[in-house]
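# Descriptive structure summary
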Amino acid sequence: MKVTEIRKAFIKFFEEKKHKIVPSSNLMPIGDPTLLFTAAGMVQFKKLWSGEMKLPYRKAVSCQKCLRASDLESVGKSPQYMTFFEMLGNFSFGDYFKAEAIEWAWEFLTEVIKLPKDKLYVTVFDEDEDAYKIWQTHIEKGRIYKLDKEDNFWTPVGGRGACGPCSEIFYDRGEEFGVQGEKGSKVQEFNSSRVQRLKDSKVQKFKGSNGQEFKGSRVQEFKSSGNRFMEIWNLVFPQYDSQADGALNPLKNRGIDTGMGLERFSMAVQGKKSVFELDIFQPIIDEAKNICKIKEEIPLNIITDHIRALTFAIAEGIYPSNVGRGYLLRRLLRRAQLSAYEFGVKKPFLYKLVDVVCDVMRDQYPELIERKRGVAVVVKSEEESFLKTLEQGARVFNQVLSGAKKKEIPGEDVFKLYDTYGFPVELTAELAEHKGFKVDKAKFDKLLESQRERARSTGKFEEIKTTWTEIKGKQGQLPLPTHTEFVGYEDLKTKAKIVKWREINPKLHPVLMALSLDFIDMPSIELVLDKTPFYPESGGQVGDRGRIFNKDLEFEVLDTQNIGGLWIHIGKLKSGKINDREVICEVDKERRKAIECNHTGTHLLHSALRKVLGARVHQEGSLVKAERFRFDFTQFKPLDENEIKKVEELIQTWLYESLPVETYETSYEKAVRDGAMAIFGEKYGKDVRVVKIGDISMELCGGTHIKNTSEIGVLKILSETGIHAGIRRIEAITGTYALERLKKCEQDLVSVSNMVGTELFKTKDKIYELLESEKKLRNRMNQLEQKGVLKLAPEILSKKKVVNGIDVLTAKVSTKGIENLRVLADKLRTGKKRVGVLGAAINENPVFITFVSDDLKGIIKAGKLAQELGKLAGGGGGGKDTIGQAGGNDPKKIDSILKNIPNIIKKIAIQN
């Protein structure tokens, strides 16, 4: 079976078991700040087990895109490790439990995939008698092993949340992959990290598929068996909710969470020795061989894995950078580039592999095809930048290497390369490793932490740790909702009940800190209501503001956020106290209207760009505020003035046509089938909201919008810039903000026309006329000044000083232009055996022009003389053999430097 067939077989099997097919979520987890990337299939389902949100389904199956960097150094060297991989999984949320999960896993492995039963082994948590007994109905007792909590009890990152025992299924790959006592197994290295603790009494024997027995602990077994026994499926049974104090409370929706690495499982099915031998890797490896002319296995594996990760991440709009997720992508690209660089590949090549990656994965991820050109542009740009960094830093790195002792680069030098020259420590380590050197990482980490501590001391941020106060009414505790009812699409004013609240420190709250408001006399509060008209920050649109009040309190809402389905209203308590009485919620209407004009404006801009530039244009992101909006989109070159004009005119036509803006809800499948555009990287549910503008735009969008395009009035583009290779950004304004700007521009234009003494619409021509006159006048003045400067030549020659038979000419010149100094220098250097320096104070800075006559060319160099003067002047200098230039920061030094010129020239002449 091919990998694609295995993937389809898994999905189909569980679909027939009445599981909902759930598309892969993004590599960048939405609403989960604890994770850098999605690294498991269960990430998008976390809240379904805890009961934080209403269950859209009770059984699910998925094939999840994952990205992990925990084993980065082993990727390429190990047959199993990858950064990007796919995770197959089936899930239950309060539906089936252990019996069905185990039964279906066994059925899929032995009846659908038809793996030999005698090659399968199982481990269970040593306190989980239920799983132990269930497995015995499918597999003989001697092939089931009890392991302790360290090995077979799954706990979430951070120690809090859904957790429970697990059962792992292993596949015996045979003696070829390691036998008892074989210490030199070629695959042993990457399985040693998989060994786990177990008391000798827990396992008496371990019998391989050929009948051979292994004795002792599991640690000993795995150490001696290399990579023979490979984990292919992990069945987790989430049944507890782990608390901060270590308590294990019953989970509201206990269930099932399984994970099967598609590539690793395919190794077992196809009988391959490495994931890189699979059919989804080979076309990429073959193309890399063809481009790079590399035959070695490890660099080809690294290149293949990393370009897969880069392609998927960049296609989602995650770009290489120096922070967070972007930094990992940059590391991957540089590691892949270095793998080829070592073999003489010193030109960009990774971008050429994007096409084959997209083609191999197109069946499961068709969206890659329309994104591949943009991905390739980003990869190539990053490659060019890195190769330039390599070229520029090679000299410095080699100097550091030559001074290193005991084959180790000191931490101070590693930090200097990082801090001064922008060399990441991983890059320094990679380059050092290629040369047989190590780096003092411990010292580097210490210096880096010291630098970070200094930065932190200037502006510390602490986590909000205050607890919520739940409101109790006359009938006792109000029921706490799992989500807030939103009524703000139609109503901007409504009655509601406060469910819970907490006081916060505005100096530690990221939202309030960003607003930079004065909170000295007013408590800062977060409120949760049972229903609300306030739209929360989402999809690029900022959160609503307004007020919440009754006769006993007034609360000003400064921002609204959606945290796990609950709307958090952030603001300040202007008067009164929080109470259990009904409150009135009122959104700032004018601000909401301005936001709606801008949000609808982004949809119009998207459509206009696609009509003017082509259907290849896609939205990459947006920010919708009241005063303006920005829109990021795919485009490989800047828009020219004519293209921007066409976009604006097209949008203005749509505004004049008073097109209706309709919103409605439907299924995701129907919306896409009807032609609605989905924003790549957004996560959509079964039902979606569609925003349709006449016949010119139809997008999936949960934001708020106006009812008719005429309400916008005006849309004006302010700027168009590049933010990344292949990504452009437009900033624009609409409505009253646009009218205010136009009014201000008109007022300024009237003022300027009055100043230059002409009619309003002739102002531009008049300014061009005045500028041309000014240009002619300046040229005439320069000519006169130049003539005056040239008249100084005889006087300068008369004051020459002779040093070792060379005429040394110096002078301080009063002039406004460096060019005048050059003209004078050219005239003075036309004689024989002449060296000179002209100094002047231009724009309050010292400037020197050095010159050497042609007969001394190569004997004394004007550029080198300029370098010396630059050092003395507190600046820099350089130039050619016969003419040079230097500058500094203190014009008072001109006289002393000119006075010392003969000595400087004497020194240079002696050196030469």
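Residues numbered from 1 in each chain as written. Predicted model: local features only at pLDDT ≥ 70, side-chain atom pairs only at ≥ 80, totals over all residues. Heavy atoms only, no water.

## Re the overall build of the protein
Within the protein one finds 26 helices and 40 strands. Put simply, the protein has 912 residues, and 49% of those count as buried. In the protein, once contacts between residues fewer than 6 apart in sequence are set aside, the share between residues at least 24 apart is 68%. Split by element, the accessible area of the protein, about 44600 Å² in all, is 49% carbon and sulfur. (Helix = DSSP H or I, 4+ residues; strand = E, 2+ residues; numbered from the N terminus. Buried < 20%, exposed > 50% of the residue type's maximum accessible area, 1.4 Å probe, protein only. Contact = heavy atoms within 4.5 Å. Areas by Shrake-Rupley, 256 points an atom, 1.4 Å probe, with all protein chains shown as cover.)

## Things to note about the pairing of strand E37 (residues 834-842)
Taken across its 9 residues, E37 has 8 buried, putting it largely inside the fold. Across 6 bridges, strand E36 (residues 806-812) lies against E37 in parallel orientation. Considered in E37, the bridge of Ala-811 is made with Leu-838. Handedness of the E36-helix H23 (residues 818-828)-E37 crossover: right-handed. One ladder, built from 8 bridges, connects E37 with strand E38 (residues 845-852); its direction is antiparallel. By the bridge assignment for E38, Ala-841 is matched with Pro-846. (Pairing = 2+ DSSP bridges. Right-handed = clockwise from strand over helix to strand, strands pointing away.)

## So, the pattern of salt bridges
Within this structure, the stated rule accounts for 39 salt bridges. For Asp-355, the salt bridge identified is with Lys-372, shortest N-O distance 2.7 Å. One end of the pair, Asp-355, is in helix H11 (residues 354-361); the other, Lys-372, is in helix H12 (residues 367-403), with 17 residues separating them in the sequence. On the basis of relative accessible area, Asp-355 is assigned to the partly exposed category, the value being 42%. Between Glu-556 and Lys-572 there is a salt bridge; the shortest N-O distance is 3.8 Å. Note that Glu-556 is positioned in strand E25 (residues 553-563) and Lys-572 in strand E26 (residues 566-576), a separation of 16 residues in sequence. (Salt bridge = Lys/Arg side-chain N within 4 Å of Asp/Glu carboxyl O.)

## Some details on unusual backbone geometry
Positive phi, close to 70°, is recorded for Lys-18, a residue that is not glycine. Examined against the element boundaries, Lys-18 turns out to sit in the loop between helix H1 (3-15) and strand E1 (20-21). Despite not being glycine, Lys-293 shows a phi value in the positive range, around 60°. With respect to the helices and strands, Lys-293 occurs in the loop between helix H8 (282-292) and helix H9 (297-315).

## Some details on a nonpolar patch on the surface
Taken together, the side chains of Ile-767, Tyr-768 and Leu-771 define a hydrophobic patch exposed on the protein surface, amounting to about 300 Å² of accessible area. Mapping Ile-767 onto the fold places it in helix H21 (residues 763-790). You can call Ile-767 partly exposed: its relative accessible area is 31%. (Patch = residues over 30% accessible without salt bridge, like charges linked within 9 Å, V, L, I, M, F, W, Y side chains within 5 Å.)

## Examining the confidence of the model for the protein
Summarising the model, the protein shows a mean pLDDT of 85, and 88% of its residues fall at 70 or more. Predicted confidence for residues 180-226 stays below pLDDT 50, and this span has 109 contacts to residues more than four positions away or in other chains. When the criterion is pLDDT under 50, residues 456-463 qualifies, and its contacts beyond four places in sequence or with other chains add up to 6 contacts. (pLDDT = per-residue confidence, 0-100.)

## Some details on the sheet that holds strand E39 (residues 876-879)
Sheets are built from strands paired through backbone hydrogen bonds, the pairs being either parallel or antiparallel. Spatial strand order, E35-E36-E37-E38-E40-E39: 6 strands in an open sheet with mixed pairing. Either end of the sheet is taken by a strand with one partner, and the two such strands are strand E35 (801-803) and E39. Looking at each pair of strands side by side, their axes are set apart by 20° on average, direction ignored. With respect to the sheet, H23 is in contact with E36, E37, E38 and strand E40 (883-887), its orientation differing from that of E37 by roughly 165°. (Axes fitted to C-alpha atoms, helices over the stretch in contact; angles between N-to-C directions.)

## Considering the packing of aromatic side chains
This structure, assessed with the given rule, holds 25 aromatic pairs. Relative to Phe-93, the ring of Phe-45 lies with its centre 5.5 Å away and its plane at 45°, an arrangement referred to as tilted. Of this pair, Phe-45 sits in the loop between E1 and helix H2 (46-50) while Phe-93 sits in strand E3 (residues 84-93), and the two are 48 residues apart along the sequence. With a relative accessible area of 0%, Phe-45 lands in the buried category. Residue classification places Phe-93 among the buried positions, given a relative accessible area of 0%. Among the aromatic residues, those joined into a ring-pair cluster are Phe-10, Phe-13, Phe-14, Phe-108, Trp-233 and Phe-265. Arg-254 extends its terminal NZ or CZ atom over the ring of Phe-97, reaching a point 3.9 Å from the ring centre. (Phe/Tyr/Trp six-rings, centres within 6.5 Å; stacked < 30°, edge-to-face > 60°. Lys NZ or Arg CZ within 6 Å of the ring centre and 35° of its normal.)

## Focus on H9
The first and last C-alpha atoms of H9 sit 27 Å apart over 19 residues, in line with the 27 Å expected at 1.5 Å per residue. The buried count for H9 comes to 17 of 19 residues, which makes it a mostly enclosed element. Taken from the residues just after H9, Gly-317 is the one with a positive phi, measuring 90°. (Expected span 1.5 Å × (residues − 1).)

## Looking at the environment of Pro-660
Secondary-structure assignment places Pro-660 in the loop between helix H18 (641-656) and strand E30 (661-667). Judged by its relative accessible area of 40%, Pro-660 is partly exposed. Taking the C-alpha atoms as reference points, Pro-660 and Ile-706, separated by 46 residues in sequence, lie 9.0 Å from one another. Apart from the residues within four sequence positions on either side, Pro-660 is in contact with Lys-692, Ile-693, Gly-694, Lys-707 and Asn-708.

## Overview of the sheet that holds strand E21 (residues 498-504)
If you walk across this open sheet you meet the 8 strands as E16-E21-E22-E26-E25-E24-E27-E20, and the pairing is antiparallel. Because the sheet does not close on itself, it has two edges, and the strands there are strand E16 (469-470) and strand E20 (493-496). Here E25 runs beside E26; their pairing, made up of 10 bridges, is antiparallel. Following the sheet pairing, Phe-555 is matched in E26 by Leu-573.

## Overview of the environment of Arg-58
Within the secondary structure layout, Arg-58 lies in the loop between H2 and strand E2 (59-67). When the C-alpha positions of Arg-58 and His-19 are compared, they lie 8.0 Å apart, and in sequence the two are 39 residues distant. Excluding its chain neighbours within four sequence positions, the residues that come into contact with Arg-58 are Phe-91, Ser-92, Phe-93, Gly-94 and Asp-95. Within the structure, the side chain of Arg-58 is placed 3.0 Å from the backbone oxygen of Gly-94, a separation counted as a polar contact. (Polar contact = N/O pair within 3.5 Å; in protein donor to acceptor, adjacent residues only side chain to side chain.)

## A few points about the packing of helix H17 (residues 589-613) against H18
Closest axis-to-axis distance for the H17/H18 pair is 9 Å, and the angle between their directions is 130°. By the angle between their axes, H17 is oblique relative to H18. The crossing of H17 and H18 is right-handed. Along the contact surface, H17 presents Leu-604, Leu-605, Ser-607, Ala-608, Leu-609, Lys-611, Val-612 and Leu-613, while H18 presents Glu-643, Lys-646, Val-647, Leu-650, Ile-651, Trp-654 and Leu-655. Its residues assigned to classes, the contact of H17 with H18 shows 11 nonpolar, 1 polar and 3 charged. (Parallel < 35°, antiparallel > 145°, perpendicular 65-115°, else oblique. Left-handed = near helix turned anticlockwise from the far one by under 90°. Nonpolar A, V, L, I, M, F, W, Y, C, P; charged D, E, K, R; others polar.)

## Comments concerning helix H10 (residues 324-341)
Given a rise of 1.5 Å per residue, 18 residues ought to cover 26 Å, and the 26 Å separating the end C-alpha atoms of H10 matches this to within 8%. Burial analysis of H10 places 13 of its 18 residues in the buried class, which makes it a mostly covered element.

## Quick word on empty space enclosed by the protein
A complete count under the given rule lists 2 cavities of 30 Å³ or more for this structure. Computed from the structure, the second largest cavity encloses a volume of approximately 30 Å³. In this structure, the second largest cavity is lined by Thr-4, Arg-7, Ile-280, Val-360, Met-361, Asp-363 and Gln-364. Looking at the lining of the second largest cavity, the elements with two or more residues in it are H1 and H11. Here the residues of the lining of the second largest cavity are counted per class, giving 3 nonpolar, 2 polar and 2 charged. (1 Å grid on protein atoms, 1.4 Å probe; cavity = no way out; pocket = protein on both sides within 12 Å on 5 of 7 lines; lining within 4 Å. Points joined across faces, edges and corners; volume = space filled by probe spheres on them.)

## A word on the nonpolar core
Counting 96 residues, the largest nonpolar core has Phe-108, Leu-109, Trp-135, Ile-232 and Trp-233 as the members making the most contacts within it. When residues in this core are grouped by element, the largest group, 9 residues, is from H9. Look past the residues within four positions of Ile-232 in its chain and what remains in contact with it is Leu-109, Leu-115, Leu-120, Ile-169, Tyr-171, Gly-259, Met-260, Gly-261, Phe-265 and Ala-268. Listed in part, the 27 residues of the second largest apolar core include Leu-604, Val-617, Cys-701 and Ile-730. (Core = buried A, V, L, I, M, F, W, Y, C linked by side-chain atoms within 4.5 Å.)

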